[in-house]
Amino acid sequence: MFAPLPQERAEEFLRNLIRFLDEEKIVLNRISTPSVERENSGVMVGAVCCHRLNGDETAEVFAYTVSGSAYVIEDAANVAGGIFVGPIVSPFLIAGALEPNDREIHQLTDSINDGKKSGIDVTELVKKREKLTTASLKAVHDLYYFTCWDGKKRSLGSICHKKIPGKLPPTGTGDCCAPKLLDWCYRNGLRPVSMCEMYYGNSSAERKSGTVYSPCDSRCGLLLPEMMGLEILYRDDSICVVNKQSGLLSVPGRGQEKFDSVETRFLQMFGSMVEPVKPSVHRLDMETSGIMILAFTREAHRKMNMAFEQGLCHKEYIAVLDGILPAMGIEKTGTMELYFRLDVDNRPHQIWDEVYGKKAVTEWEILGVEKYAMPDGGCRNGTRVRFIPHTGRTHQLRLASADSHGFGVPIVGDTLYGHCQEGQRLLLHAKKITFPHPMTGEKVTIECKEPF
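Residues numbered from 1 in each chain as written. Predicted model: local features only at pLDDT ≥ 70, side-chain atom pairs only at ≥ 80, totals over all residues. Heavy atoms only, no water.

Attention now goes to unusual backbone geometry. Apart from glycine, the bulk of residues carry a negative phi angle, and the bulk of peptide bonds sit in the trans form. Residue Pro348 is reached from Arg347 by a cis peptide bond, and omega for that bond is 5°. Of note, Pro348 is situated in the loop between strand E14 (333-342) and strand E15 (350-352). Phi is positive for His395, which is not a glycine, with a value near 60°. Inspection of the secondary structure puts His395 in the loop between strand E17 (379-389) and helix H9 (396-402). (Helix = DSSP H or I, 4+ residues; strand = E, 2+ residues; numbered from the N terminus.)

What follows is the structure, given as C-alpha cells:
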C-alpha cells in the first residue's frame, strides 16, 4: 500500500534510533520466542511524529515500536527521545488464547505425519486440525481492538469483515508497526503527521537493513484505511488521491449529521498541511465508491480544476446493472448522448429534458453477465459494464443506466433511480483516472479495483 503519511520526520528519528542500537546505547531485547521461520531474521522498526490536537503544531511528539510481539526496545536513559509503544495484545494473552487447543493440535499434527508415512487416509484428521486451528486463531483475533481516527475502538474482526467478509485475517494482522503507532496516537489524542517503517537486522533477498518500506498490503492494507478514516492511493506535496468508501459524503453537507465526509477527514488527517479550505477537486455521489482527488495547495487545486474543465482528466467506472443487457439487444460497446436537468420539485433527481437539459456523453463497454448476491441471500442476474464519461453531469452514469432514453436498466442498489434492499450498496465504482499532474504536467494514472 502507499505510505499514507509523509515519512521524512519519522525517518530522521528512525535513522538516529538505529544508530543508537548499533552503538548499544539502547537495546533490542527478546521477550518471547519468535517463530522458527523468523529465527535470526531482522525486524521492522517504526516511528511516528505527532502533534497535539488543537495545540502548538511546532511541538512534536515521537513514538516508536518494533513489529511482532517477540521484541522490545529498552531505552533506560531516554537516549532516543521518544516513547516506546508495545504490542496491541501482549504475547502472554495470545499464549492464553492458544493454550486450550494447542496440545490437541500438536497431537493431530503428529498423527497426520505418521499417517502419511504409513499411507493412511488422514483427511478427517486434517479437517479436525483445521477446525481447531481456526478456533484458536479466532480466539486470538478477538483480543485485538484498535483506536481509530474518531477516537472509537474497533475490533479486528469488524474492520477486516469490510475487506474480506467471511474470512479470517492473516496471522499477525495488528502486529505490524503502523497499526500499533496509530492506535497509540489516537488513544492519546494526538494527530500523526509523519510515519515511517525501516528494516533492521540481517538482510535477505526481500529486505535490506536500513531500508524504508511502505506498510504491507496483506495486513496493514486491511487495517490502516479504517483506522485513519481514508485509504490513500497516492500522495505528494501537491495532491492526494483517495479511495472513497460507499456511503461517505465527498464534502460536508448542512447540519452536524452531514458533517462527516472525505473532505472533513482529509482536513483532520493533514491539518495545516492543507491550504485550500475546500480541498476536494471533484466529487462522487455518496453511494459511489472509488477514486477522488484532493489538493494540498491552492495552486494545485486551481490547476486540477482547469484540467477537469478542459477535459484533460479521463475517468473510468465499473458498474453492475440489474438486468441482462445483451438479451435486450444492446451492443457490446457504444456511446450515448442524453439531456437531463434538475427536477426542481423532486431534488436531487434529474429528469430528461431535450430542450433545457445539459448534454451528457457516456461511452460504455459490456464486460459480461454474472450473478450477484442480494442481502436477503438470493442471487440475481446482472451485467458488468465499464463506463467512460466524457462529460461530468450530475448522476450521469446512473441515468445512462436507468432512464428509458439510456439502457432502461438501473445500477444495482440505486436508491434514486432503481431499487435497493436494506444493507445493499450502489454497485458503482470510480476505478481509474488519468490526469496531468498539476505541478509537473506529467501524465498520472491511478487505478483502484472495484470491491464487488
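Attention now goes to the side chain of Thr362. Summarising the element assignment, Thr362 is placed in strand E16 (residues 358-373). Given a relative accessible area of 1%, Thr362 falls into the buried group. With residues near it in sequence (within four places) discarded, Thr362 still touches Gly334, Thr335, Met336, Phe387, Ile388, Pro389, Gln396, Leu397 and Ala400. (Buried < 20%, exposed > 50% of the residue type's maximum accessible area, 1.4 Å probe, protein only. Contact = heavy atoms within 4.5 Å.)

Grouped together as the largest cluster of nonpolar side chains are 69 residues, with contacts concentrated most on Phe270, Leu321 and Phe387. Residues within four places of Phe270 in sequence aside, it is in contact with Pro4, Leu5, Pro6, Arg191, Ile232, Arg235, Cys240 and Phe296. Counting residues in hydrophobic clusters, the runner-up holds 23 residues, among them Phe13, Leu14, Ile26 and Cys196. (Core = buried A, V, L, I, M, F, W, Y, C linked by side-chain atoms within 4.5 Å.)

Attention now moves to empty space enclosed by the protein. Evaluated as defined, the whole model comprises 2 cavities of 30 Å³ or more. Size it by volume and the largest cavity reaches roughly 60 Å³. Along the walls of the largest cavity sit Ala3, Pro4, Leu5, Gln7, Met195, Cys196, Glu197, Tyr213 and Pro215, which together make up its complete lining. Residue contributions to the lining of the largest cavity peak at 3 residues, all from strand E8 (residues 190-200). In this structure, the second largest cavity occupies an estimated 40 Å³ of space. As for the second largest cavity, its lining consists of Met1, Pro4, Leu224, Pro225, Met228, Leu230, Glu231 and Ile232. (1 Å grid on protein atoms, 1.4 Å probe; cavity = no way out; pocket = protein on both sides within 12 Å on 5 of 7 lines; lining within 4 Å. Points joined across faces, edges and corners; volume = space filled by probe spheres on them.)

Assignment of secondary structure puts Gln310 in the loop between helix H8 (298-309) and strand E13 (314-321). According to the relative accessible area criterion, Gln310 is partly exposed, its value standing at 49%. Between the C-alpha atoms of Gln310 and Ser155, which are 155 residues apart in sequence, the distance is 45 Å.

On to the state of the cysteines, then. In protein chemistry, a disulfide is the covalent bond that joins the sulfur atoms of two cysteines. Applying the stated rule across the entire model yields 0 disulfides. Unpaired in this structure, Cys49 has its nearest cysteine sulfur neighbour in Cys50, at a distance of 6.6 Å. According to the relative accessible area criterion, Cys49 is buried, its value standing at 0%. (Disulfide = S-S within 2.5 Å.)

The strand order E5-E3-E2-E8-E9 describes an open sheet built from 5 strands, whose pairing is mixed. In the strand order of this sheet, the two ends are held by strand E5 (83-84) and strand E9 (212-213), each with one partner. Of the strand pairs in this sheet, strand E2 (residues 43-52) and strand E3 (residues 61-66) are connected by 6 bridges, and their pairing is antiparallel. Residue pairing for E3: Cys50 is matched across the bridge by Val61. (Pairing = 2+ DSSP bridges.)

Turning to the packing of aromatic side chains, a few remarks are in order. Enumeration according to the criterion identifies 12 aromatic pairs in this entry. A ring pair is formed by Tyr339 and Trp352, whose centres lie 6.2 Å apart and whose planes are at 85°; its orientation type is edge-to-face. In this pair, Tyr339 sits in strand E14 while Trp352 sits in strand E15, placing the two residues 13 residues apart along the sequence. Classification of Tyr339 by relative accessible area gives partly exposed; the value is 23%. Pairing Trp364 with Phe407 gives two aromatic rings, centres 5.1 Å apart and planes at 90°, and the pair type is edge-to-face. Of this pair, Trp364 sits in strand E16 while Phe407 sits in the loop between H9 and strand E18 (428-436), placing them 43 residues apart in sequence. Under the relative-accessibility criterion, Phe407 is labelled buried at 7%. For the cation-ring pair, Arg207 lies above Tyr213, with the distance from its terminal atom to the ring centre recorded as 4.4 Å. (Phe/Tyr/Trp six-rings, centres within 6.5 Å; stacked < 30°, edge-to-face > 60°. Lys NZ or Arg CZ within 6 Å of the ring centre and 35° of its normal.)

Function-wise, these values are silent; they only describe arrangement.
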